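# Survey of secondary and tertiary structure
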Amino acid sequence: MRIDLHTHTRASDGTQSPSELVHAAVAAGLDVLGLTDHDTTDGWAEASTAAAEVGLTLVRGIEISTRHLGRGAHLLAYLPDPTYAPLDEELDRILDGRSSRVPAILDKLHELDIPITAGDVRRASVGTAATGRPHVADALVTLGVVGHRDEAFRRFLNPGMPAYVDRYAASLVEVLRLVGEAGGVPVLAHPWGRNGPSGMTEENLDELAGLGLAGLEVDHQDHSPEDRAALRDIAGNLGLVVTGSSDHHGAGKVDHELGCNTTAPEEYDRLMELAATSARATGSAAEPPSVPPAPSS
Ligand code: AMP
Ligand code: ZN
Ligand code: FE
Ligand code: FE
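Inspection of the entire model under this criterion finds 13 salt bridges. When the shortest N-O distance is used, the salt bridge between R154 and D150 registers 3.1 Å. Here the residue R154 and the residue D150 both occupy positions in helix α7 (residues 149-157), the gap between them amounting to four residues, near one helical turn. D150 sits in the partly exposed class, given a relative accessible area of 38%. Between R270 and E267 there is a salt bridge, with its nearest N and O atoms 3.3 Å apart. Here R270 pairs with E267, and both are found in helix α11 (residues 265-282), just three residues apart, close to one helical turn. Judged by relative accessible area, R270 falls into the partly exposed class, the value being 32%. A residue is classified by how much of its surface remains accessible, and E267, at 17% relative accessible area, is buried. One network of salt bridges, in which partners are shared, links E174, R177 and E181.

Spelled out as structure tokens, the structure:
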């Protein structure tokens, strides 16, 4: 069983359509795929149809942009009820915050004499519900200002760089609650990201576990081998599920190929049990993962 629980499509800032992603997952030898676009469920329907056609198990998720202790934190919400209004409204606020700062980013780029227009960004955002910095980056690539997305972030768009603009971020504690109320199960994405252990401490994570956090994404390309080992120990101490995933963005992120990190089947089973319990407890209308039909004999 090969299980990859964190991927993106064009519905946010990946470069593949949901059905292209599903076919790429099969080609990569995956049995279970988590689709977790940033702050949107727009890719779910197309991916579910494609997954049923090819016999791939699809776990519908969202990677929610939040803030905790003054820093950005990404929360993976698996199998929440997408019709639960308080969660849906919070996602709308996040999406609005992301797209509404684009004009301010363009103003800053203009101050640097970079002639990028709103139309350039619009053309780079076709099909996305989550227009933001990645699409500004893609427009800068098309204009020949930078060679690739990563260079745009490093030179202009990251915090501290000249075209960075802050945006609305939901409270992690609040979103943990909303995901639970929606019958979903929350896992912290790349907890130490590129900051290493200076991010969240075991004590911080223990507190979040008490607020409903169910798992940690331990195996992620942003974590060094040492960080992975330390996070695995913390997850063990706190009884949290351990996941591993690619955070694949198609051609939008290098070194994040499908299946480059995977989740152990036992950990996946624990996660799905917690999701079933959460859905039952809330009377959630969310469906279980789409399970492929048994092969006909
Ligand atoms: P925004 O939603 O506008 O804040 O953009 C954040 C998203 O941009 C992140 O969730 C990443 O998927 C993507 N991103 C951040 N840094 C980079 C980078 N260096 N290269 C490519 N994509 C990035
Ligand atoms: Zn992304
Ligand atoms: Fe993330
Ligand atoms: Fe991601």
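After presenting the structure, the write-up continues.
α7 packs onto helix α6 (residues 133-142) with a crossing angle of 105 degrees between their chain directions and a minimal axis gap of 9 Å. One element, α6, and the other, α7, form an angle in the roughly perpendicular class. For the pair formed by α6 and α7, the contact residues are R133, P134, V136, A137, D138, L140 and V141 on the first element and R149, A152, F153, F156 and L157 on the second. Of the residues assigned to the contact of α6 with α7, the class counts are nine nonpolar, no polar and three charged.

A separate point is the environment of A251. Structurally, the position occupied by A251 is in the loop between β8 (241-244) and α11. The class of A251 is exposed, set by a relative accessible area of 71%.

When a protein is soluble and globular, its nonpolar side chains tend to lie buried together. Counting residues in hydrophobic clusters, the biggest one holds 42 residues, and the most contacted among them are L33, I64, L75, L172, L188, L205 and L216. The biggest single contributor to this core is helix α8 (residues 172-181), with five residues. Those residues within four positions of L172 in sequence are excluded, and the remaining contacts are T66, R67, H68, A73, L75, L188, M200 and L208. Judged by nonpolar contacts, the second largest core, of 18 residues, contains I116, V136, L140 and V165.

Reference values for angles at a metal are 109.5 degrees in the four-donor tetrahedral case and 90 or 180 degrees in the six-donor octahedral case. Coordination of the zinc ion (ligand 2) by the protein involves D13 (OD), D13 (OD), H38 (NE2) and H249 (NE2), with metal-donor separations of 1.9 to 2.6 Å. We note that the donor set of the zinc ion (ligand 2) lies within a single chain, spaced as D-x24-H-x210-H. The distance between the zinc ion (ligand 2) and the iron ion (ligand 3) comes to 5.9 Å. Residue D13 is located in the loop between β1 (3-4) and α1 (18-27), and its partner H249 is located in the loop between β8 and α11; the two are separated by 236 residues in the primary sequence. Accessibility assignment for this pair places D13 and H249 in one class, buried.

The rules behind each value
- Residues numbered from 1 in each chain as written.
- Chains lettered and ligands numbered in written order.
- Predicted model: local features only at pLDDT ≥ 70, side-chain atom pairs only at ≥ 80, totals over all residues.
- Heavy atoms only, no water.
- Salt bridge = Lys/Arg side-chain N within 4 Å of Asp/Glu carboxyl O.
- Helix = DSSP H or I, 4+ residues; strand = E, 2+ residues; numbered from the N terminus.
- Buried < 20%, exposed > 50% of the residue type's maximum accessible area, 1.4 Å probe, protein only.
- Axes fitted to C-alpha atoms, helices over the stretch in contact; angles between N-to-C directions.
- Parallel < 35°, antiparallel > 145°, perpendicular 65-115°, else oblique.
- Contact = heavy atoms within 4.5 Å.
- Nonpolar A, V, L, I, M, F, W, Y, C, P; charged D, E, K, R; others polar.
- Core = buried A, V, L, I, M, F, W, Y, C linked by side-chain atoms within 4.5 Å.
- Donors = N, O, S within 2.8 Å, 3.2 Å for Na, K, Ca; no water.

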